[in-house]
Amino acid sequence: MSRRPVAQINLAALQHNLARVRALAPSSQVLAVLKANAYGHGLVRVAQALTDADAFAVARIDEALALRTAGIVKPIVLLEGFYEAAELPILLANNLQTVVHNELQLSALEQTSLDGQLKVWLKIDTGMHRLGIEPAQFELFYRRLWQCSAVLPGIRLMSHFCCADERGSERTSQQLAIFSELIRDKADQCSLANSAAILAWPQSHGEWVRPGLMLHGISPFAEQTGQQHQLLPVMRLSSRLIAVRQVQQGETVGYGGQWQAKIPTTLGVIAVGYGDGYPRHACNGTPVWINGREVPLAGRVSMDMITVDLGPNAHDKLGDEAVLWGPELAIERIALSAGTIPYELLCNITPRVDYQYLS
Ligand SMILES: *Cc1c(COP(=O)(O)O)cnc(C)c1O
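For the chain, an unreviewed UniProt entry supplies the name Alanine racemase and the organism Alishewanella tabrizica. A UniProt comment under Sequence similarities (unreviewed entry) is attached to the chain, and it reads "Belongs to the alanine racemase family." On record in UniProt, under Cofactor (unreviewed entry), the comment for the chain is "pyridoxal 5'-phosphate".

So, on to the UniProt feature "active site" (unreviewed entry) in the chain. Mapped onto this structure's residue numbering, the UniProt feature "active site" (unreviewed entry) falls at Lys35 and Tyr255. A maximum C-alpha distance of 35.0 Å is found for the annotated residues, which run over 221 residues; spatially they are spread out rather than grouped. As for its placement among the helices and strands, lysine 35 is situated in helix α2 (residues 35-40). In this structure, lysine 35 is in contact with Ala57, Val58, Ala59, Glu63 and Leu79, ignoring residues within four places of it in sequence.

Here we come to the packing of aromatic side chains. Applying the stated rule across the entire model yields 6 aromatic pairs. Taking the centre distance of 5.5 Å and the plane angle of 70° together, the rings of tryptophan 121 and tryptophan 208 count as edge-to-face. Of the two residues, tryptophan 121 sits in strand β6 (residues 120-123) while tryptophan 208 sits in strand β9 (residues 208-209), which places them 87 residues apart along the sequence. Here tryptophan 121 and tryptophan 208 have matching classes, each one buried. Aromatic side chains tyrosine 355 and tyrosine 357 sit 6.3 Å apart centroid to centroid with 25° between the ring planes, which places their arrangement in the stacked category. In this structure tyrosine 355 comes out as partly exposed when scored by relative accessible area, which is 28%. Chaining the aromatic ring pairs together yields one cluster made of Phe138, Tyr142 and Trp146. Residue placement shows arginine 167 over the ring face of phenylalanine 221; its charged tip is 4.1 Å from the ring centre.

When two helices pack together, their arrangement is given by the angle between their axes and by how far apart the axes lie. At their nearest, the axes of helix α6 (residues 103-111) and helix α7 (residues 138-147) sit 10 Å apart, and the two run at 25° to each other. One way to sum up the angle between α6 and α7 is to call them roughly parallel. Both α6 and α7 take part in a crossing whose hand is left-handed. Judged by residue contacts, Glu103, Leu106, Ser107, Leu109 and Glu110 of α6 engage Phe141, Arg144 and Leu145 from α7.

Turning to the site of the ligand, a few remarks are in order. Around the ligand sit 13 residues in total, of which Lys35, Tyr39, Ser195, Leu213 and Tyr343 are the nearest. Between the ligand and lysine 35, the relevant distance is 2.6 Å, taken from an oxygen atom to a side-chain nitrogen or oxygen of the residue. Arginine 210 has a polar side-chain atom sitting 2.9 Å from a nitrogen atom of the ligand. Look at the ligand: alone it shows 390 Å² of surface, and the protein chains cover 93% of it.

The next subject is the side chain of histidine 229. Looking at where histidine 229 falls in the secondary structure, it is placed in the loop between β9 and β10 (235-247). The contact partners of histidine 229, leaving out residues within four places of it in the chain, are Arg20, Arg167, Leu199, Ser219, Pro220, Phe221 and Gln224.

What follows concerns unusual backbone geometry. Residues other than glycine seldom take positive phi values, yet alanine 36 does so here, at roughly 50°. Examined against the element boundaries, alanine 36 turns out to sit in helix α2.

Scoring rules and cut-offs
Residues numbered from 1 in each chain as written. Predicted model: local features only at pLDDT ≥ 70, side-chain atom pairs only at ≥ 80, totals over all residues. Heavy atoms only, no water. UniProt positions renumbered as here; feature names shortened; annotations may be inferred. Helix = DSSP H or I, 4+ residues; strand = E, 2+ residues; numbered from the N terminus. Contact = heavy atoms within 4.5 Å. Phe/Tyr/Trp six-rings, centres within 6.5 Å; stacked < 30°, edge-to-face > 60°. Buried < 20%, exposed > 50% of the residue type's maximum accessible area, 1.4 Å probe, protein only. Lys NZ or Arg CZ within 6 Å of the ring centre and 35° of its normal. Axes fitted to C-alpha atoms, helices over the stretch in contact; angles between N-to-C directions. Parallel < 35°, antiparallel > 145°, perpendicular 65-115°, else oblique. Left-handed = near helix turned anticlockwise from the far one by under 90°. Near = heavy atom within 4 Å. Polar contact = N/O pair within 3.5 Å; in protein donor to acceptor, adjacent residues only side chain to side chain. Areas by Shrake-Rupley, 256 points an atom, 1.4 Å probe, with all protein chains shown as cover.

Printed below as a string of structure tokens:
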């Protein structure tokens, strides 16, 4: 029996979540965001399972090329675009669409002698202040892109929200208003909504929605779980008990001796640690699911192990399965306990973890 952590990936749940996106945004096409190894779920397997998506988006060109190498033929959008003119023939040869968010990219497109045309998404900064052109530059960029022989007619227009996960935030309304005003006389397809906006800002859906986190069954809202949005968790991260032992009242456990037994109890040692991607900052009391109940983390997370308080009358045995997150235990709760967000937990999973795909 394996004593390594296992990430089971439920592809049927993934497909359910995509159907949920479609139900929430029935008039939009779906640009499924698969950056960072599909949020730690496995880029190629996730793409292969999302047959019902209209297109895929990744952050970087190597992610897009990995999808092409695996035989994925759907349109792929590079969310950060390209960095040098030398990449343009690679984009064309691999049917990659590019975001344009700065002058360098625009002039590279104007000057290239590319033997074909690229699909372009023009990114406007409406308040995130990360990537995107200023609203005041919009008309000029728009006109220059239309005149560009390397650009396919029909530019798509996009922006990104900074606070869509705060329901009722004025920032989102302001960003929406800036965007709507800019594009008011344009007939082009638009895209604004990430998972949070798909769920909380239906007026932002436009022609293309861009779900990432919610496809994996997870809520983008800090105090909610995917279940509350009728999403199904896709990943189930589990490992096994590798030691069960008694500790006396007053004994401490783990590095720093930072957890102390208040009463005599049974301690379980589980084969997962920060070397696998379990968060080192998970605090005492972080829940772990084992044999049908939740038990609290007791003591610091080590590289290969965690320790849990199984309770005084525990019957758990060596080799029993422990679930770190999954259908039994919402990853959103673990993120809160570790002072982070589910996105980071997923991205931090290391190659030591075995992946199993269930269809
Ligand atoms: C990551 C990303 C998304 C998806 O965000 P989620 O919160 O995971 O749904 C959408 N658009 C852009 C530009 C992104 O970078």
